[in-house]
Amino acid sequence: MSTGSAWSPGMPEKPVEAILAFDFGLRRIGIAAGDTLTGTAAPRGAALVSSAGPDWPAIAREIDALKPRRLIVGAPYNVDGTPGALAPAARRFANELERRFKLPVSMVDERWSSLEAGTALKAQRAGGGRRRIQREDVDSAAAAVILERWLAGESGDTLKRQKTCGPDRAARTNYGPT
């Protein structure tokens, strides 16, 4: 006998949703795609960030190409669970995604995602399966880790409108209206 929430005849089917995830950074934003059917995620590339903010046209191209139903943004936390230095800027980026694309946005704890992604990429390279690892590879692989966490059930904090700012560089960077 099966337990859990498996689908059975007569039950309405859950719609398959495409999801995009972002690993926010001040130089690059890693992007990954996945879906609720397979529960897996794959790196898609990275959008550059300049002094004017993220490359919104590159992000829009990914959203237009994949037509996701939801967006996920990694929430930077410190090891002790307190918000990291990039948390205010990441939240502003998430708010701007929601404003521009009119899609629900959730934030998921991204602690250790870059380390986990880098370790996996190094293992692939050691096995002869990869070329030299670029920073954007790690950023996009970290976005895939973040998305897989969300798909595995780590509840994301659905955005609530809140203004965040601080004296750090991230808070002074223009990612759109706050």
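See the structure shown above.
To keep things clear, this report deals only with the structure shown in the data block. What you are looking at is a predicted structure, and each value in this text was computed from that prediction instead of being measured. Residue numbering note: each chain is counted from 1, following its sequence as written. Given that this is a predicted model, residues contribute local features only at a pLDDT of at least 70 and side-chain atom pairs are listed and counted only at 80 or more, while totals for whole chains, interfaces and linings are drawn from all residues. Only hydrogens and water are set aside when side-chain values are computed; all heavy atoms of the structure are taken into account.

1. A short note on the nonpolar core
Short version of the rule: Buried Ala, Val, Leu, Ile, Met, Phe, Trp, Tyr and Cys residues that are joined via side-chain atoms within 4.5 Å together make up what is termed a nonpolar core. Burial classes: relative accessible area under 20% of the type maximum marks a residue as buried, over 50% as exposed, and values in between as partly exposed (1.4 Å probe, protein chains only). By definition, any uninterrupted DSSP run of H or I lasting at least four residues is a helix, any uninterrupted run of E lasting at least two residues is a strand, and each is numbered from the N terminus. We call two residues in contact when some of their heavy atoms are within 4.5 Å.
By size, the foremost hydrophobic cluster in this structure holds 25 residues, and its most contacted members are Phe22, Ile59, Leu71, Val73, Phe93 and Leu97. The leading source of residues in this core is helix α2 (residues 87–101), at 6 residues. Beyond its immediate sequence surroundings of up to four residues, Leu71 is in contact with Leu20, Phe22, Ile63, Leu97, Leu103, Pro104, Val105 and Ser106. Core analysis: the second largest hydrophobic core is formed by 11 residues, Ile19, Ala32, Ile146 and Trp150 among them.

2. With respect to the packing of aromatic side chains
As a reminder of what qualifies: When the centres of two rings from Phe, Tyr and Trp lie within 6.5 Å, Trp using its six-membered ring, the rings pair. Their planes under 30 degrees apart give stacked, over 60 give edge-to-face, and anything left gives tilted.
In this structure the tally under the stated criterion is 4 aromatic pairs. For the pair Phe22 and Phe93, a centre-to-centre distance of 5.7 Å together with 75 degrees between the ring planes defines the contact as edge-to-face. Separated by 71 residues along the polypeptide, Phe22 in strand β1 (residues 18–23) and Phe93 in helix α2 bring together distant segments of the chain. Note on accessibility: Phe22 and Phe93 belong to one class, buried. Taking 5.5 Å as the distance between ring centres and 25 degrees as the angle between the ring planes, the aromatic pair formed by Trp56 and Phe93 counts as stacked. Highlighted residues: Trp56 in helix α1 (residues 56–66) and Phe93 in helix α2, separated in sequence by 37 residues. Taking the relative accessible area as the measure of exposure, Phe93 reaches 0% and is therefore buried. In this structure an aromatic cluster arises from ring pairing among Phe22, Phe24, Trp56, Phe93 and Phe101.

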